[in-house]
Amino acid sequence: MKFEYFGHACFMIDTGNEKLLFDPFIRQNPLAADVSIENIHADYVFISHAHADHLADIELFTKTSSTQVICNFEIMNWLQKKGLSNFAPLNIGGQRQFKFGKVRMTQAIHSSSFSDGTYGGTAAGFLIEFNNKVIYYAGDTALFSDLKLNSEMYAIDWALLPIGGVFTMDAFDACKAAQLLKCNQIIGLHFDTFEAIKINKTNAIQVFNEQQIQLHIPTIQQTIIL
Ligand code: NI
Ligand code: MN
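Notes on the structure in this doc start here.

Definitions and cut-offs
- The residue count restarts for each chain, going from 1 along the sequence in the order it is written.
- Starting at A for chains and at 1 for ligands, labels are handed out in the order in which the entities are written.
- The model is predicted, so local features are restricted to residues of pLDDT at least 70 and side-chain atom pairs to those at 80 or more, both for listing and for counting; the totals for chains, interfaces and linings are taken over all residues.
- No hydrogens and no water enter the side-chain calculation; it runs on all heavy atoms of the structure.
- Exposure classes here rest on a 1.4 Å probe applied to the protein chains alone. A residue is buried below 20% of its type maximum, exposed above 50%, and partly exposed in between.
- Numbering of helices and strands runs from the N terminus; a helix is a DSSP stretch of H or I covering at least four residues, while a strand is a stretch of E covering at least two.
- We call two residues in contact whenever any of their non-hydrogen atoms come within 4.5 Å of each other.
- Each metal's donors comprise the N, O and S atoms found within 2.8 Å of it (within 3.2 Å for Na, K or Ca). Water is not part of the atom list, so some coordination spheres may appear incomplete.
- Only two sets of limits are used to name each site, 85 to 135 degrees for every angle of a tetrahedral four-donor site, and over 155 degrees for opposite donors with all other angles from 65 to 115 for a square planar four-donor or octahedral six-donor site, with any other site named irregular.
- Here a polar contact is taken to be a pair of N or O atoms separated by no more than 3.5 Å, where protein atoms must pair a possible hydrogen donor with a possible acceptor and residues adjacent in sequence count only if both atoms sit in side chains.
- Strand pairing is assigned whenever DSSP identifies at least 2 bridges connecting the two strands.
- Orientation is described by axes fitted as lines to C-alpha atoms, over the contacting stretch for helices, and by angles from 0 to 180 degrees between their N-to-C directions.
- Residues enter patches when they are more than 30% accessible in relative terms and free of salt bridges; like-charged ones are connected within 9 Å and nonpolar ones (Val, Leu, Ile, Met, Phe, Trp, Tyr) within 5 Å.
- The protein chains shown are the only cover counted for residues, whose accessible areas, like all others here, come from Shrake-Rupley with a 1.4 Å probe.
- Salt bridge, as used here: a side-chain nitrogen of Lys or Arg that lies within 4 Å of a carboxyl oxygen of Asp or Glu.

This paragraph deals with unusual backbone geometry. Phi is positive for Asp23, close to 45 degrees, though the residue is something other than glycine. In this structure, Asp192 is a non-glycine residue whose phi angle is positive, near 70 degrees. With relative accessibility at 15%, the residue Asp192 sits in the buried group.

Structure representation (structure tokens):
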């Protein structure tokens, strides 16, 4: 499987058969100016929570009704009013089987409201079982001890964690999260986009190295084989 980074917390996982896009936020991200949106096709779009830096571009990737949106009930309601129609709603702790594999919506410690003030439900992450791998995308979250439940229930191959701090975990907290998740292949997200979340990448990698955990900090449009 292939991961491709589009900046901030937006990325694609290509299973080989289906393309899974997460938290589309590209046009408003100056760091992602070189990403050509018209070349991105998604079969599924995952939305972790209602903040604009996770769904601003969703309408670009749901132009064909065959593209299904995986999100919570409140986000579905809000997007239905914008004319989107193909959803697979979940709520925290729930699971759904898809053609590509099985998705569980997981807890995240974060707020979730739309830019117009509408309540967005609770923020979430996703645990995905597919192609004999388990991938965990934490969404925007603080460090919390129940992350260890995920490693009691799943053998997580890759964890995609925020590392920018201020609004989410920083690299130190994300390293602790990786230990709770018993996962030593981490992809860092949600850094550098805004002044407040600019990070020192060398320091971040060093923090993880000291615990024998590999932190990959992707550059925009970089691909990583999962
Ligand atoms: Ni957020
Ligand atoms: Mn965010």
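This next bit is on the side chain of Thr168. Residue placement: Thr168 occurs in the loop between strand 11 (158-162) and helix 4 (171-181). For Thr168, the residues in contact, after removing those within four places along its chain, are His110, Asp140, Thr141, Pro162 and His190.

Taken together, Asp53 (OD), His54 (NE2), Asp140 (OD) and His190 (NE2) make up the full set of protein donors to the manganese ion (ligand 2), lying 2.2 Å away. The sequence pattern describing where the donors of the manganese ion (ligand 2) fall on their chain is D-H-x85-D-x49-H. A separation of 3.1 Å is found between the manganese ion (ligand 2) and the nickel ion (ligand 1), both of which receive a donor from Asp140. In this pair, the class of Asp53 matches that of His54, namely buried.

The textbook angles at a metal center are 109.5 degrees for a tetrahedron of four donors and 90 or 180 degrees for an octahedron of six. Protein ligation of the nickel ion (ligand 1) involves His49 (NE2), His51 (ND1), His110 (NE2) and Asp140 (OD), the donor distances falling in the range 2.2 to 2.3 Å. In this structure, the nickel ion (ligand 1) is coordinated by four donor atoms arranged in irregular fashion, with angles at the metal of 88 to 178 degrees. Here the donor residues for the nickel ion (ligand 1) map to a single chain with the spacing H-x1-H-x58-H-x29-D.

We now examine helix 4. Of all the positions in helix 4, only Ala171, Ala174, Cys175, Ala177, Ala178, Leu180 and Leu181 are classed as buried. Buried residues belonging to helix 4 abut strand 10 (133-137), helix 3 (147-153), strand 11, strand 12 (185-189) and helix 5 (201-209). For helix 4, the side-chain oxygen to backbone nitrogen distance between the N-cap and Phe172 is 3.2 Å, and the N-cap itself is Asp170.

Read from one edge of the open sheet, seven strands run 6-5-4-3-2-1-14, paired in mixed fashion. Every other strand in the sheet has two partners, leaving strand 6 (87-90) and strand 14 (223-225) as the edge strands with one partner each. For this sheet, the mean inter-axis angle between neighbouring strands, taken without regard to orientation, is 20 degrees. Strand direction decides the pairing type here: strand 1 (residues 2-5) and strand 2 (residues 11-14), joined by four bridges, are antiparallel. Residue pairing across strands places Lys2 opposite Asp14, the latter belonging to strand 2. In the packing of helix 2 (residues 73-81) onto the sheet, contacts are made with strand 5 (68-72) and strand 6, and the angle to strand 5 comes to roughly 130 degrees.

Quick look at a nonpolar patch on the surface now. A cluster of nonpolar side chains, namely Val166, Phe167 and Phe194, defines an oily patch on the protein surface of about 290 Å² accessible area. Tracing the backbone through its elements, the reader meets Val166 in the loop between strand 11 and helix 4. For Val166, a relative accessible area of 62% gives the class exposed.

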